[in-house]
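# Coordinate inspection notes
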Amino acid sequence: MIAAEVVNTLLVQRFGADPADVTTETPLRKLRMDSLALEELRLLIEDRLDIDLEEVALTSRDTVGQLVSAVDGKVAA
């Protein structure tokens, strides 16, 4: 659950997403996350959780839930 909290907090506080829009089904593109923003988000998550997401391929078509699942997989590893 830590991954979800970190991702949601970053999306809202750092990228200005409306908390009501951040659901597991929301595509990242709906939150105006382009490739540059996704890379910044990846680096912030890596820093906060001390994990490596290098091989995780993120696109704006992915949902918030898919991102959280990918991060959860790395946190648990």
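Refer to the structure presented above.
Please read these numbers as outputs of a predicted model, since none were measured by experiment. (Residues numbered from 1 in each chain as written. Predicted model: local features only at pLDDT ≥ 70, side-chain atom pairs only at ≥ 80, totals over all residues. Heavy atoms only, no water.)

## Considering the nonpolar core
Note on soluble globular proteins: their nonpolar side chains tend to be buried together. Grouped together as the largest cluster of nonpolar side chains are 24 residues, with contacts concentrated most on Val7, Leu11, Met33, Ile45, Val64 and Val71. Mapped onto this core, the elements with two or more residues apiece are α1 (2-13), α2 (35-49) and α3 (64-76). Here isoleucine 45 is in contact with Val7, Leu10, Asp50, Ile51, Leu53, Leu67 and Val71, once residues within four sequence places are set aside. (Core = buried A, V, L, I, M, F, W, Y, C linked by side-chain atoms within 4.5 Å. Buried < 20%, exposed > 50% of the residue type's maximum accessible area, 1.4 Å probe, protein only. Helix = DSSP H or I, 4+ residues; strand = E, 2+ residues; numbered from the N terminus. Contact = heavy atoms within 4.5 Å.)

## Regarding the side chain of arginine 42
Of note, arginine 42 is situated in helix α2. Looking at arginine 42, the relative accessible area reads 8%, which means it is buried. Among the polar contacts listed, one links the side chain of arginine 42 to the side chain of glutamate 46, at a separation of 2.7 Å. Not counting the four nearest positions on each side in its chain, arginine 42 is found in contact with Leu53 and Glu54. (Polar contact = N/O pair within 3.5 Å; in protein donor to acceptor, adjacent residues only side chain to side chain.)

## Digging into the environment of arginine 14
With respect to the secondary-structure elements, arginine 14 resides in the loop between α1 and α2. With 26 residues separating them along the chain, arginine 14 and glutamate 40 place their C-alpha atoms 9.9 Å apart. At 3.5 Å, the side chain of arginine 14 and the side chain of glutamate 40 are in polar contact.

## Focus on the side chain of aspartate 62
Within the secondary structure layout, aspartate 62 lies in the loop between α2 and α3. Of the side chains with opposite charge, arginine 61 comes closest to the buried, unpaired aspartate 62, at an N-O distance of 8.3 Å. A distance of 2.9 Å separates a polar side-chain atom of aspartate 62 from the backbone nitrogen of threonine 59. Contact partners of aspartate 62, with chain neighbours within four places excluded, come to Thr26, Pro27, Leu28 and Ala57. (Lys, Arg positive; Asp, Glu negative; His and termini not counted. Salt bridge = Lys/Arg side-chain N within 4 Å of Asp/Glu carboxyl O.)

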